[in-house]
Amino acid sequence: MAVYNQSRSNTIRLIVIITFVVIALQLFYLQIVDRRYEQLAMDNAVYPKVIYPERGIIYDRNGKAILNNTIIFDLMVTPAETKGIDTLDFCRLMNMETSEFRKRMVDAILKNTSVRPSVFKAMLTKELQARFEENSWRFPGFNLVERPLRTYPYHAAAHILGYIREADKRDIERSNNFYRQGDYIGKTGLEAYYESVLMGQRGVQYMIKDNKNRLVGTYEGGEYDTAAVAGRSLRTHIDIELQQLAEALMNNKVGGLVAIDPKTGGILSMVSGPNYDPNDLSGPDGSKNFSRMQLDVSGPMLNRAIAGRYEPGSTYKPLGALIALNEKVVSASYGYPCGGRYTLCGHGKPECTHAGGGHAANVRLAIANSCNAYFAHIYRLTVDNPRYKNVYDGYLHWREYMNAFGLGVRLGVDLPNENTGGIPDTVVYNRENAGRWTSCTNLTLGIGQDKMQTTPLQMANAMCVIANKGYYYTPHFVKGIEGEGDDDEVLLNRFQQKHDVLTNIPDIVFNEVIEGMSDVVKVGTARGAQIEGVEVCAKTGTAENYTILDRRRIKLPDNSMFVCFAPKENPKIAIAVFVQNAGFGATWAAPIARMMMEKYLLDTLTAKSKIDSARIASTNLMPSYFKRLQYKEDSIRAFKWFQVTKDSMYIDRFSLQEPARGPRSPFRKTPTEPELPNWVKILSATSLPERGIEKLKTFSA
């Protein structure tokens, strides 16, 4: 062979060898190193179907399931696989607008990329589920996924149990991406506090898809599937029948109610009013109902039992008596000649509902008759105690007692968002009085007013301290966890620790106050709380309150309050009831507490209580100013909507409503032309038609 032919032959061989090596290396890289194409092939042929676990069940003290699960379906979408579908046909099938379809697709891509499944429409109704199943082959990229749905067979305990919602971006970030788009997480209540116990563990089932995107079988016989692990259940102290009674009695009322077993700290019942059916936040209409309740100015989603701040009023007085007796500034026989008002601070306040007749001749009588002058005076004796350097030091010692009773601090209940209430520090009074103040400055702390604020939970716990003569257990709902382990013991141990906060106070001192509280029911202000065969110890309370509306300070009806425990010997239940703007404590709060005690201790209601329960449950005590406040809030939202969209539809809607002003309403203004809010003046300069401006003026007044 010619030399030049040999050179050309070698060159060709070298090119072939190099080409072969390159192809071999590329094949090695694609098949062994880079798994993208394998993953793409898997994505085209295999669908990873997420199996959501059942969340744990919650049981009451008698083993009744008060929260359970059923099955519902989510419609999932993988946007990259939906090319070529008939969008209009799909929207007709699913009863949605094409604009809504596009928005959901964009949201799915932004949240979870176009190649990963996302929730397109959560919790389909049975009708939509059936319609999609019949036509699923026509819409590649869409699949149904089973999801356990929370159900509430007793329609009760919404604020206790809480609710679950899909994990948002913040939840996912906080969990270091443990949660994924489409996972549900406890947002409030026991669902949130015990999320790690109730949640369970998601599973995956790999399904083979055919060329029409239909699921036709399991991949590799299920070898790579992982099973979902159900969440673990909770056993609680809740008495669901007692809870249902409490919710019925607090229907159409604003306030809070808490019932505790003093011996364990177990919460038997907790109600916040206004209330709602927990089923309203579960199922296909859950999001709509959630939005509606979020905009309700009466705050149905606020748990006032742990977050509502109320002046305790006269329900504080047994605590004041205990402190004064223990500090030895008074004896059990100490009396005060009350003539109907307290005059030693010069202004003749506070006033009393009694005058003369020895109604404050000793501690027991003063408690039974709820003498304001007596307790204002012994508060002054306590903080002016010569044992302390000055009133500031004396006040701080009094405040320490308050904290020991659980006031002004978080008790640590197993619910999120507990409020501390308010027992002010000396800093507050120093700031407001240039550092110079006396016991007359905050005199009404002695009758549970001034700057003192408590939650119903705190006052129920304070009753436990008195009932137990100095100790309490942290109020809690859960007494046991299914399959309890070491981590669970850490979670629950703090609820089993006894807090000996005031056991240094002699029993003889506690007994004097307890006898006074017993007299409240026998001969004092709460005779309507008597239960045959059960000795009840209690204290009524009534507190004035005001609100600012339409730039005016309005006096509202008094708050009705009642605290108690029973029986006197070996107490089994302690209760605090707060009803806003309802009047005297003995009129509303006391009968509610009496029926709660009857139900729990006697397992039934007396004939009288059955009549009373029907009357109280059917009485609407919702504050009248809520209607006006709701109207104003809605109209402001309508204006903000107009600012963003230039759409006056909502303004038109609210301008046709009457802003809830009756002829006797304190909110009615004089006939003079009212001053318009700034936002109406600003709107007058916009392009809103003259008709719209006139309507705004109407409802802004």
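Coordinates for the structure precede this section.
Residues numbered from 1 in each chain as written. Predicted model: local features only at pLDDT ≥ 70, side-chain atom pairs only at ≥ 80, totals over all residues. Heavy atoms only, no water.

Asks: Hey, could you go over unusual backbone geometry for me, with residue numbers and the actual values?
Replies: Put simply, lysine 349 and proline 350 share a cis peptide bond, and its omega is 5°. Across the junction of alanine 566 and proline 567, the peptide omega takes the value -10°, indicating a cis bond. The phi dihedral of asparagine 95 is positive, around 55°, even though this residue is not glycine. Its place among the elements puts asparagine 95 in the loop between helix H3 (87–94) and helix H4 (98–112). In this structure, asparagine 176 takes a positive phi of about 55° despite not being glycine. One can find asparagine 176 in the loop between helix H7 (169–174) and strand S7 (184–186). (Helix = DSSP H or I, 4+ residues; strand = E, 2+ residues; numbered from the N terminus.)

Asks: Describe in detail the packing of helix H13 (residues 317–326) against helix H18 (residues 456–467), supporting the description with residues and values.
Replies: Direction vectors running N to C along H13 and H18 enclose 40°, while the axes themselves pass 11 Å from each other. As judged from the angle between their axes, H13 and H18 are oblique. Helix-helix and strand crossings are classified by hand; for H13 and H18 the assignment is left-handed. In this structure, H13 contributes Pro318, Leu319 and Leu322 to the contact, and H18 contributes Ala462, Met463 and Ile466. Here the contact of H13 with H18 is composed, by residue class, of six nonpolar, no polar and no charged. (Axes fitted to C-alpha atoms, helices over the stretch in contact; angles between N-to-C directions. Parallel < 35°, antiparallel > 145°, perpendicular 65-115°, else oblique. Left-handed = near helix turned anticlockwise from the far one by under 90°. Contact = heavy atoms within 4.5 Å. Nonpolar A, V, L, I, M, F, W, Y, C, P; charged D, E, K, R; others polar.)

Asks: Describe in detail the environment of tyrosine 429, supporting the description with residues and values.
Replies: Assignment of secondary structure puts tyrosine 429 in helix H17 (residues 426–432). Judged by its relative accessible area of 2%, tyrosine 429 falls in the buried class. Residues tyrosine 429 and asparagine 442, 13 residues apart in the sequence, show an inter-C-alpha distance of 8.5 Å. Not counting chain neighbours up to four residues away, the residues in contact with tyrosine 429 comprise Tyr395, Pro424, Trp437, Asn442, Leu445, Asp450 and Lys451. (Buried < 20%, exposed > 50% of the residue type's maximum accessible area, 1.4 Å probe, protein only.)

Asks: Can you explain the packing of aromatic side chains? Please cite residues and give values.
Replies: For the structure shown, the criterion picks out 23 aromatic pairs. Here phenylalanine 90 and phenylalanine 120 contribute two aromatic rings whose centre-to-centre distance is 5.8 Å and whose plane-to-plane angle is 75°, an arrangement assigned as edge-to-face. Residue phenylalanine 90 is located in helix H3, and its partner phenylalanine 120 is located in strand S4 (residues 118–121); the two are separated by 30 residues in the primary sequence. Judged on exposure class, the residue phenylalanine 90 and its partner phenylalanine 120 are both buried. Each member of the aromatic cluster is reached from another via a ring pair, and the members are Tyr316, Tyr379, Tyr392, Tyr395, Trp398, Tyr429 and Trp437. Against the face of phenylalanine 178 rests arginine 202, its NZ or CZ located 5.8 Å from the ring centre. Note that lysine 498 overlies the ring of tyrosine 471, its terminal NZ or CZ placed 4.2 Å from the centroid. (Phe/Tyr/Trp six-rings, centres within 6.5 Å; stacked < 30°, edge-to-face > 60°. Lys NZ or Arg CZ within 6 Å of the ring centre and 35° of its normal.)

Asks: If you had to explain the nonpolar core to someone new, which residues and values would you point to?
Replies: Counting residues in hydrophobic clusters, the biggest one holds 133 residues, and the most contacted among them are Met270, Trp398 and Phe405. Ranked by the residues each element gives to this core, the list is headed by H18, at nine residues. Apart from the residues lying within four places of it in its own chain, the contact partners of phenylalanine 405 are Leu319, Leu322, Ile323, Gln458, Asn461, Ala462, Val465, Ile466 and Leu502. Counting residues in hydrophobic clusters, the runner-up holds 19 residues, among them Phe73, Met94, Met96 and Ala108. (Core = buried A, V, L, I, M, F, W, Y, C linked by side-chain atoms within 4.5 Å.)

Everything listed is a geometric property; what it means functionally is a separate question.
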